[in-house]
Amino acid sequence: MAEQNTSESRFKDAPEAVVKMRKQFSIVWVVPLVALLIGGWLAFKAISEKGPTITITFKTAEGLEAGKTTIKYKDVEVGQVQSIDLSEDGSHVIVTAELGKKAEPHLTENTRFWVVRARIAAGGASGLGTLFSGAYIGIDLGKPGGKPTRSFTGLEIPPVVTTGLPGSHFTLKAEKLGSLDIGSPIYYRQIKVGQVVAYELEKNGKLVDIKIFIDAPHHGDIFENTRFWNASGLDVVLDASGIRVNTESFLTMMIGGIAYDTPANLEPGAPAEEGATFKLYASRDKIFEKAYVEKKPWLLYFDGSVRGLAVGAPVELQGIQIGEVTDITLEFDQKKLAFRIPVLIELEPERVKFIGGESKLSTMERKRGMDILVEKGLRAQLKTGSLLTGQLLIGLDFHSEAAPAKINWDGRYPELPTIPTPMEEITSGVTRIVEKFEKIPLEQIGKDLQQTMANLSKTTAELQTLVQKLDANVAPAATDTLKQAQTTLIKVDRLLNADSPTGHELKRALAELADAARNISILMDYLERHPDSVIFGKEQSNEK
Amino acid sequence: MNDTSMTAASASLLSCHSCNLLSKMSGSHGHGHALCPRCGAPLHQRKSNSLTRTWALIIAAAIFYIPANVLPITVVTSLGKTQADTIMSGVIYFVQTGMWPIALVIFIASVFVPLVKLFLLTFLLISVQRKWKWRPKDRTRLYRITEVVGRWSMVDIFVVTILVALVKLGGLATIDAGPAANYFAAVVVTTMFAAMSFDPRLIWDVME
């Protein structure tokens, strides 16, 4: 200690050396640096991957859970529900969800969201996996090119996802939806080729727009003139042709469906473009009827009952339909004090193929032509279409014997002359026969007949007296005559009997006669050979 | 207090960690290493670079603490339903289902203790650097608590690893460790090292 002190005092004046502590970088700082790097990387990743936050409105949040429910596209998780809130008026729920960064460019007005829950419908079951895993929100990216947006209205019914599938969408305009639903099948020649993907009321509310999707390659079979019809359920038609039952398949009977075809009598036209609009016909038959654009109204007046004739009943020309009944009313003529029934029909001239001459006739030519036809006996007539149903149809036929008539072109509709129905004709014919029967003087005939009968009985009585006279006078004389004849015959018999002498003599005479005849024959023979013997006699020597 | 005490440092004596030989340290020796004259082990008057190391480890632990709590620690897949839980969401889940004790254990072991450790060590470091003379005895006790309690934070990691190993029921239920498990383990390990690298004698050095 003392030594130290002395040494210290000795160098008391010496300046203190500056000891500069070199700051040495401690290796331990690598640890927080690494931590910082990892943390920074995590933060960067989280921020860079943080996608857009969107809001979706649903009617109900059934099955949805904030922080748990995921958003899936093609079953791949692309986002998660962050929170679920009620809207201000409480009418729906607002789901706030965060999506992945990659989803950002796809969030357009075409993007659709819906809740995937387990659903069991007649067409099949879907989303059964959600029974265990809970509901999730499905997303369909939709067509590209929509306006970007961040708030969406969720669909209550899951759409049929067709994004990225090969095929085409079309729109069908129908008067009513019928039993169609999303997912209803579309058939072509009874093969399922597509399905209904959406439907909505048209803006003016008159028609229903049904969006359909036809899978490739069948969408190439759809042309401008392809006709779609509703193949829902059983199509039972009870009309003038009888009863018909049509259905595409058992499935369509249950859940409805659409079928299409391109009528062979039409030009198919160019292949239909994506999104083209078609009319949906009520049934298969309708597609053929409506193929005719041109319709000509005609008015027919019937005097008799038209019971059995309905609107839509066919108008046939010589058995081929060329139009249909569009209206039936009843008129009372106050002057004539009689009812008559005007029946409005529509003829479709396009159904008739015009051959020879020009195919397009002017209106005047057409009128002239109809006049000529009526002159030749064209008449409208009620006809029984089906004996089973009693339905009537209107037949146009040529009745050359019909009373002359003309088309009345003056009214609102041209009036075609009619003739009574065959039934009416039969009735009138029977009436005529009855009238003739009535004209027969049955009483006179009766009287005459009575007189004749009296005369006849008188004649009979006279005949009887005559017979009696004959009996009394003629019969005994006849008996005597007969007796005499009998004795004569007995005598003859006795004469001819073999044992009688007359018979014996006769027999001998006959034998002699035979001898004589033989001799004459020999003589004649000899004379023939020796004609000179008549002069010279027999030549005995020459003979021997 | 200080008048009655005599420390090894004030006596310029060093104790060897390995053989406990007391050796004399004469004055400043720059950056050279002091070695035990008997066994050759390096001699330190205080834990070397204690403050720097502790600071570094505490900062690292603080950074790791964020992902450990934000990211999911377990991913439970049950009947096709996948649920990822962070530590706090697990605690909330247990509270909601009425299992208070479990919630409490998890909360204390996984949230409270690491935080307490971080704050305590930070407090001690600051107090030493600022050469505070405030209640050195209590501060030393705090340090001891930090050291003792720190290892219990690993309970959470053990629970997760055991669950992951046990619950492998195929489609019925599967538990996987989430990314937070790694960060949480890192927090626990770094705080333990930080506590170890802190030299409580520094608290007392200012008292001389």
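This is a predicted model, so every value here is computed, not measured.

Chemist: Outline the pairing of strand β2 (residues 70-73) of chain A, listing residues and values.
Modeler: All names here are of chain A. Sheet analysis places β2 next to strand β3 (residues 76-86), joined by four bridges and oriented antiparallel. When the sheet's bridge partners are listed, Y73 is paired in β3 with V76. In this antiparallel pair of consecutive strands, β2 and β3, the connection spans two residues, and K74 shows a positive phi of 50°.

Chemist: Tell me about the sheet that holds strand β5 (residues 74-78) of chain B, and please be specific about residues and values.
Modeler: All names here are of chain B. If you trace the three strands from one edge of the open sheet to the other, you get β6-β5-β7, paired in antiparallel fashion. Every interior strand has two partners, whereas the edge strands, β6 (81-85) and β7 (173-177), have only one. Sheet twist, expressed as the average angle between the axes of neighbouring strands with direction ignored, equals 15°. Judged from the five bridges that link them, β5 and β7 form a sheet pairing that is antiparallel. If you follow T74 over to β7, its bridge partner there is A177. Contacts from helix α5 (residues 154-166) reach β5 and β7, with the element oriented near 140° to β7.

Chemist: How would you summarise the pattern of salt bridges if you had to cite specific residues and measurements?
Modeler: Residues and elements named next belong to chain A. Considering all chains together, one arrives at 15 salt bridges over all chains under this definition. A salt bridge links R112 to D140, with the shortest nitrogen-to-oxygen separation between them at 2.5 Å. In this pair, R112 sits in strand β5 (residues 112-116) while D140 sits in strand β8 (residues 136-140), placing the two residues 28 residues apart along the sequence. For D140, a relative accessible area of 1% corresponds to the buried category. One salt bridge in this structure joins R518 and D515, with 2.9 Å as the shortest N-O distance. Taken together, the residues R518 and D515, both in helix α9 (residues 501-529) and three residues apart, mark about one turn of the helix. Classification of D515 by relative accessible area gives partly exposed; the value is 38%. One continuous salt-bridge network, built from bridges that share partners, spans K173, E202 and D209.

Chemist: So, the packing of helix α4 (residues 136-150) of chain B against helix α6 (residues 179-197) of chain B: which residues are in play, and what are the values?
Modeler: All names here are of chain B. One way to put it is that α4 packs onto α6 with a least axis distance of 10 Å and a crossing angle of 145°. Like other packed secondary-structure pairs, α4 and α6 cross with a definite hand, here left-handed. Contacts between α4 and α6 pair Y143, T146, E147 and G150 from the former with V188, M192, A195 and M196 from the latter.

Chemist: Please set out the side chain of T226(A) residue by residue, giving values where relevant.
Modeler: Residues and elements named next belong to chain A. Here T226 is to be found in the loop between β13 (208-215) and β14 (227-230). Within the structure, the side chain of T226 is placed 2.7 Å from the backbone nitrogen of F223, a separation counted as a polar contact. A distance of 2.9 Å separates the side chain of T226 from the side chain of T262, its partner in a polar contact.

Chemist: Could you give an account of the nonpolar core, naming the residues involved and the relevant values?
Modeler: With 42 residues, the main nonpolar core has I58(B), F64(B), I73(B), L121(B), F184(B) and F198(B) as its most contacted residues. Those residues in contact with F184(B) that lie beyond four places of it in its chain are A68(B), I87(B), A109(B), S110(B), P114(B), S153(B), D156(B) and I157(B). One finds V315(A), V325(A), M370(A) and I407(A) within the second-largest nonpolar core, a separate group that totals 23 residues.

Chemist: Talk me through the sheet that holds β5(A); I want residue IDs and the actual numbers.
Modeler: The strands making up a sheet associate through backbone hydrogen bonding, with each pair oriented either parallel or antiparallel. All names here are of chain A. On the basis of which strands lie adjacent, the open sheet formed by seven strands has the order β5-β8-β2-β3-β4-β1-β9 and mixed pairing. The open sheet has two edge strands with one neighbour each: β5 and β9 (151-153). Shown here is a sheet whose adjacent strand axes are inclined to one another by a mean of 30°, direction ignored. With seven bridges connecting them, strand β1 (residues 50-58) and strand β4 (residues 93-100) associate as antiparallel partners. In the strand pairing of β4, K50 is matched with G100.

Chemist: Describe a nonpolar patch on the surface, and please don't skip the residues or the numbers.
Modeler: All names here are of chain B. Together, M88, I92, L104, F107, I108 and F112 give the surface a local cluster of nonpolar side chains, amounting to about 520 Å² of exposed area. Mapped by element, the contributors of at least two residues to the nonpolar patch are α2 (87-96) and α3 (100-129). Among the elements that line the nonpolar patch, the one with the most residues is α3, at four residues. Tracing the backbone through its elements, the reader meets I108 in helix α3. Classification of I108 as partly exposed rests on a relative accessible area of 39%.

Chemist: Outline the interface of chain A and chain B, listing residues and values.
Modeler: Taken residue by residue, the interface counts 16 residues in chain A and 19 residues in chain B. When the two sides are added together, the surface that chain A and chain B hide from each other amounts to roughly 1500 Å², 77% of it contributed by carbon and sulfur. Three residues, V28(A), W29(A) and L42(A), lead the burial of chain A against chain B; their summed loss comes to 27% of the area buried on that side. The interface formed by chain A and chain B contains zero salt bridges. Counting every contact that joins chain A to chain B gives zero residue pairs in polar contact (both at pLDDT 80 or more). Elements with a minimum of two residues in the side of chain A that touches chain B: α2 (30-49) and α3 (130-133) of chain A. Element by element, the count of residues in the side of chain A that touches chain B is highest for α2(A), at seven residues. In the side of chain A that touches chain B, the residues fall into 10 nonpolar, three polar and three charged.

Cut-offs and rules
Residues numbered from 1 in each chain as written. Chains lettered and ligands numbered in written order. Predicted model: local features only at pLDDT ≥ 70, side-chain atom pairs only at ≥ 80, totals over all residues. Heavy atoms only, no water. Pairing = 2+ DSSP bridges. Helix = DSSP H or I, 4+ residues; strand = E, 2+ residues; numbered from the N terminus. Axes fitted to C-alpha atoms, helices over the stretch in contact; angles between N-to-C directions. Contact = heavy atoms within 4.5 Å. Salt bridge = Lys/Arg side-chain N within 4 Å of Asp/Glu carboxyl O. Buried < 20%, exposed > 50% of the residue type's maximum accessible area, 1.4 Å probe, protein only. Left-handed = near helix turned anticlockwise from the far one by under 90°. Polar contact = N/O pair within 3.5 Å; in protein donor to acceptor, adjacent residues only side chain to side chain. Core = buried A, V, L, I, M, F, W, Y, C linked by side-chain atoms within 4.5 Å. Patch = residues over 30% accessible without salt bridge, like charges linked within 9 Å, V, L, I, M, F, W, Y side chains within 5 Å. Areas by Shrake-Rupley, 256 points an atom, 1.4 Å probe, with all protein chains shown as cover. Buried area = accessible area lost by both parts, 1.4 Å probe. Nonpolar A, V, L, I, M, F, W, Y, C, P; charged D, E, K, R; others polar.

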